[in-house]
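These are the residues of each chain, in order.
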Amino acid sequence: MNPNQGNKPKGALKELWVGIGMTVGIYLLGLLILLVFSGLFFPYLLLAAIALIVIPIVCFTKGKTRMGQGALIGLALNILLFSACFGIMITNLGG
């Protein structure tokens, strides 16, 4: 019997994936809003930008460092995906 069987290390890997999942979920929600209600895209964009900045701050202040790290990774993924999609749209508009 292992004495450390019930002890989990502080900031498990699951929390990292939860942080990434929250922020990528925000991005996927934006795609759904863009496809269904295109008029709500800019208000969504403003709210999503605020949420993507606030989520890591809240996670770090509550002591969930792994979830905060996951949220920062997800924020970086959101920036890269949004930039890539915006670039594809702009190049297709040129002709």
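Description of the structure in this document. Fair warning: this is a prediction, and the values are worked out from it, not measured in the lab.

## What about the overall build of the protein?
Step number 1: On a plain count of helices and strands, the protein comes out with three helices and zero strands.
Step number 2: With 95 residues in all, the protein has 23% of them scored as buried.
Step number 3: Across the protein, every contact between residues at least 6 apart in sequence was considered, and the portion connecting residues at least 24 apart equals 68%.
Step number 4: As presented, the protein carries roughly 7000 Å² of accessible surface, and 75% of it is formed by carbon and sulfur atoms.

## So, the layout of surface pockets
Step number 1: Estimates place the volume of the largest pocket at around 530 Å³.
Step number 2: Around the largest pocket sit 22 residues that line it, and Tyr27, Phe41, Tyr44, Leu45 and Phe82 are the ones nearest its centre.
Step number 3: If you list the elements that add at least two residues to the lining of the largest pocket, you get helix 1 (13-36), helix 2 (41-61) and helix 3 (65-93).

## Points about the packing of helix 1 against helix 3
Step number 1: Here helix 1 crosses helix 3 at 30 degrees, and the two axes come no closer than 7 Å. Classified by the angle their axes make, helix 1 and helix 3 are roughly parallel. Of the two possible hands of crossing, helix 1 and helix 3 adopt the one that is right-handed.
Step number 2: Taken together, the residues of the contact of helix 1 with helix 3 break down into 15 nonpolar, six polar and two charged.

## Brief notes about helix 2
Step number 1: Helix length check: helix 2, at 21 residues, gives a terminal C-alpha distance of 30 Å against a target of 30 Å (1.5 Å per residue), a fit within 8%.
Step number 2: Among the residues of helix 2, Phe41, Tyr44, Ala48, Leu52, Ile55, Pro56 and Cys59 are the ones counted as buried.
Step number 3: Contacts from the buried residues of helix 2 go to helix 1 and helix 3.
Step number 4: The first or second residue beyond helix 2 is Gly63, which carries a positive phi of 90 degrees.

## Considering the nonpolar core
Step number 1: In this structure, Ile26, Ile33, Tyr44, Ala48, Leu52, Ile55, Cys59, Met67 and Ala71 together form the largest nonpolar core, which totals nine residues.
Step number 2: Among the elements that line this core, the one with the most residues is helix 2, at five residues.
Step number 3: Excluding its chain neighbours within four sequence positions, the residues that come into contact with Ile55 are Met22, Ile26 and Ala71.

## Structural notes on helix 3
Step number 1: The terminal C-alpha atoms of helix 3 lie 42 Å apart, and with 29 residues this matches the ideal 42 Å at 1.5 Å per residue to within 8%.
Step number 2: Among the residues making up helix 3, those that are buried are Met67, Gly68, Gly70, Ala71, Gly74 and Asn78.
Step number 3: For helix 3, the secondary structure elements touched by its buried residues are helix 1 and helix 2.

Analysis parameters
Residues numbered from 1 in each chain as written. Predicted model: local features only at pLDDT ≥ 70, side-chain atom pairs only at ≥ 80, totals over all residues. Heavy atoms only, no water. Helix = DSSP H or I, 4+ residues; strand = E, 2+ residues; numbered from the N terminus. Buried < 20%, exposed > 50% of the residue type's maximum accessible area, 1.4 Å probe, protein only. Contact = heavy atoms within 4.5 Å. Areas by Shrake-Rupley, 256 points an atom, 1.4 Å probe, with all protein chains shown as cover. 1 Å grid on protein atoms, 1.4 Å probe; cavity = no way out; pocket = protein on both sides within 12 Å on 5 of 7 lines; lining within 4 Å. Points joined across faces, edges and corners; volume = space filled by probe spheres on them. Axes fitted to C-alpha atoms, helices over the stretch in contact; angles between N-to-C directions. Parallel < 35°, antiparallel > 145°, perpendicular 65-115°, else oblique. Left-handed = near helix turned anticlockwise from the far one by under 90°. Nonpolar A, V, L, I, M, F, W, Y, C, P; charged D, E, K, R; others polar. Expected span 1.5 Å × (residues − 1). Core = buried A, V, L, I, M, F, W, Y, C linked by side-chain atoms within 4.5 Å.

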